[in-house]
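Below, each chain spelled out in residue letters.
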Amino acid sequence: MAAINKNRNSWQVQTMFNRIRYTWTFKDLGLAQLAKETVELRIKQIKKGLISAPPAEEMRAFLFSETQTQPVYSPPKPTTVACKEPPLVEVLDEWIELRKDQVSASTHYTNSRHVELIESFLKKCRAKKSTIASEFDAYAYAEWRRKSVADATVKKELMTYSTMCKDMEVESCEVPFIQKRATEPLSYSLETATDGRKVILTDGETRELLQIMRDRTSEMIADAVEFVAYIPIRRGELTRITSDLFSGDLSHVTLPNPKGNAIRRRSGKRSLTRRSDASVSYRRLPVPAQIQGMLRRRIESRDIGDHLFTDKKNTLSSAFQKAKRNTKFDKPGLAWHCLRHTAASRMLGAGVNIAVIAKILGHSDPMTTLRMYSHAYDSDVADAMNLL
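These numbers come from a predicted model, not from an experiment.

1. Regarding the overall build of the protein
So, step 1. Tallying secondary structure elements over the protein gives 15 helices and 7 strands in all.
So, step 2. Expressed as a percentage of the 388 residues in the protein, the buried residues total 39%.
So, step 3. Surface summary for the protein: the accessible area is close to 24100 Å², and the carbon and sulfur share equals 51%.

Dropping the structure here:
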């Protein structure tokens, strides 16, 4: 309602009331601030009806007089009331809703997934519903997650927690610094592995896993596992296989690679473009004789163009996880991709050309195959050392 303006070597306090402008000039800034507070207080009292307004010719002196050195009314200093911090679960849910329209769909999905994991940890630890952000045990959470995921994933999840605390202006707990477990040996054997994504199965273990699937799951799931064990394709590719993709004698299968969203870099930025149907690539793979009988049985029971197995990824994953429970294959992370890793490593160990393996796996760059799928069997390491 009142403003202080500097005018050369003086300070002016100006206000507008009943369409009349009033101005006071002071040499001292402190007195100008006193005048501003007094004028604003007087105007509020008049508008609320606490005092009556004087005539217009007396209004300026009524609002503030240059001889006045103390304010008309000194309001009490506001007392700070300690506000109770809301529970961590409520803060997480509110943050997700606020960030939903501010970030991309993929980032929102990632944040939601990280929040679900934190809430699952709180429920697992039987934490109180009133647990606030500063009471969150990030060290225990990190140890719990490192049993099943990589260190980089744990870092991202803790970074999401720290970002949430900063955005919601709540006190964060101490977040641990996750160091890469370089001293931990990489164990690719099923007996000593702590992460199934690092497991490669021997020939005997593969046959044992297939038998478990036959005994515990439906025929469709068991046939799908057997197919991936001999033709190491991705789970998404498996859901797109139809009965008309096989040759007449079932010796070859033609797999489409329709990656609908192609991310291309333009001017240093990532832009999302849609590929046309003409740009969809295919790769033709031979079908081993061991599974041709199974394929013939499934193709004969379906119409042309029907899905050979299923079109839902979650159906495959959930059935696989249920079947391997309480068995030697019940390892964290051991899933469909374990069969793909196993096939690639066994082919590489048998001396198959890396370019051929890359084509079978659907990699455009053979270096990807070497970097991600070339695991070493303990027996191969022993044989190599015996050559010295």
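2. Concerning the pattern of salt bridges
So, step 1. Taken as a whole and judged by the stated rule, the model has 17 salt bridges.
So, step 2. The shortest N-O distance in the salt bridge between R214 and E226 comes to 2.5 Å. One end of the pair, R214, is in helix α7 (residues 203–216); the other, E226, is in helix α8 (residues 219–230), with 12 residues separating them in the sequence.
So, step 3. A relative accessible area of 33% places R214 in the partly exposed class.
So, step 4. In this structure, the salt-bridge partner of K324 is D330, at a minimum N-O distance of 3.6 Å.
So, step 5. One network of salt bridges, with partners in common, ties together R214, E219, D223, E226, R297 and R298.

3. Side note on the confidence of the model for the protein
So, step 1. Summary statistics for the protein give a mean pLDDT of 76 and a share of 78% for residues scoring 70 or more.
So, step 2. Every residue in residues 70–82 scores below 50 in pLDDT, and together they form 6 contacts with partners more than four places removed in sequence or on other chains.

4. Here we look at α8
So, step 1. Over its 12 residues, α8 extends 17 Å from the first C-alpha to the last, a length consistent with the 16 Å expected when each residue adds 1.5 Å.
So, step 2. Summarising burial for α8: 10 of the 12 residues are buried, a large majority.
So, step 3. Listing the buried residues of α8 in full gives M220, I221, A222, D223, A224, V225, E226, F227, V228 and A229.
So, step 4. Among the structural elements, α7, α9 (235–238), α10 (292–300), α11 (313–323) and α12 (336–349) are those in contact with the buried residues of α8.

5. Side note on the nonpolar core
Note that soluble globular proteins tend to have their nonpolar side chains buried in a common cluster.
So, step 1. The biggest cluster of nonpolar side chains holds 45 residues, and the ones touching the most others in it are F227, L238, F246 and L295.
So, step 2. If one sorts the elements of this core by residue count, α8 sits on top with 8 residues.
So, step 3. The contact partners of F246, leaving out residues within four places of it in the chain, are F227, I241, H252, V253, V287, L295, I299 and L308.
So, step 4. W95, F121, V154 and C165 belong to the second largest nonpolar core, which has 24 residues in total.

6. Regarding the side chain of S251
So, step 1. Topologically, S251 is positioned in the loop between α9 and β4 (252–257).
So, step 2. Looking at S251, its side chain comes within polar contact range of the side chain of H252, at 3.0 Å.

7. Description of the packing of aromatic side chains
So, step 1. Summed over all chains, the structure comprises 10 aromatic pairs.
So, step 2. With 5.8 Å between their ring centres and 55 degrees between their planes, F136 and Y141 make a pair best called tilted. By the burial criterion, F136 is buried, and Y141 matches it.
So, step 3. Plain terms: the ring middles of F227 and F246 are 6.5 Å apart, the flat faces sit at 85 degrees to each other, and that makes the pair edge-to-face. Of the two residues, F227 is situated in helix α8 and F246 in the loop between α9 and β4; the sequence distance between them amounts to 19 residues. Per residue, the accessibility class of F227 equals that of F246, and both read buried.
So, step 4. A network of ring pairs unites the aromatic residues F121, F136, Y141, W144 and Y161 as a single cluster.
So, step 5. Of note, R145 hangs over the ring of W144, and the distance from its end group to the ring centre comes to 5.9 Å.
So, step 6. Between K328 and the ring centre of F329, over which it is positioned, the NZ or CZ distance is 5.8 Å.

8. Considerations on the packing of α8 against α11
So, step 1. Running from N to C, α8 and α11 point in directions that differ by 95 degrees, and their axes come no closer than 10 Å. As summarised for this structure, α8 and α11 are arranged roughly perpendicular, according to the angle between their axes. Residue-level inspection shows M220, I221, A224 and V225 of α8 in contact with α11, the latter providing T315, L316, A319 and F320.
So, step 2. Taken together, the residues that form the contact of α8 with α11 break down as 7 nonpolar, 1 polar and no charged.

9. Section: the pairing of strand β3 (residues 20–26)
The two faces of a sheet get side chains in turn, since along a regular strand they alternate between them.
So, step 1. Strand direction decides the pairing type here: strand β2 (residues 10–17) and β3, joined by 7 bridges, are antiparallel. Paired with V13 across the strands is W24, a residue of β3.
So, step 2. Linking β2 to β3, which pair antiparallel, is a turn of 2 residues; within it N18 sits at a positive phi near 55 degrees.

Thresholds applied
- Residues numbered from 1 in each chain as written.
- Predicted model: local features only at pLDDT ≥ 70, side-chain atom pairs only at ≥ 80, totals over all residues.
- Heavy atoms only, no water.
- Helix = DSSP H or I, 4+ residues; strand = E, 2+ residues; numbered from the N terminus.
- Buried < 20%, exposed > 50% of the residue type's maximum accessible area, 1.4 Å probe, protein only.
- Areas by Shrake-Rupley, 256 points an atom, 1.4 Å probe, with all protein chains shown as cover.
- Salt bridge = Lys/Arg side-chain N within 4 Å of Asp/Glu carboxyl O.
- pLDDT = per-residue confidence, 0-100.
- Contact = heavy atoms within 4.5 Å.
- Expected span 1.5 Å × (residues − 1).
- Core = buried A, V, L, I, M, F, W, Y, C linked by side-chain atoms within 4.5 Å.
- Polar contact = N/O pair within 3.5 Å; in protein donor to acceptor, adjacent residues only side chain to side chain.
- Phe/Tyr/Trp six-rings, centres within 6.5 Å; stacked < 30°, edge-to-face > 60°.
- Lys NZ or Arg CZ within 6 Å of the ring centre and 35° of its normal.
- Axes fitted to C-alpha atoms, helices over the stretch in contact; angles between N-to-C directions.
- Parallel < 35°, antiparallel > 145°, perpendicular 65-115°, else oblique.
- Nonpolar A, V, L, I, M, F, W, Y, C, P; charged D, E, K, R; others polar.
- Pairing = 2+ DSSP bridges.

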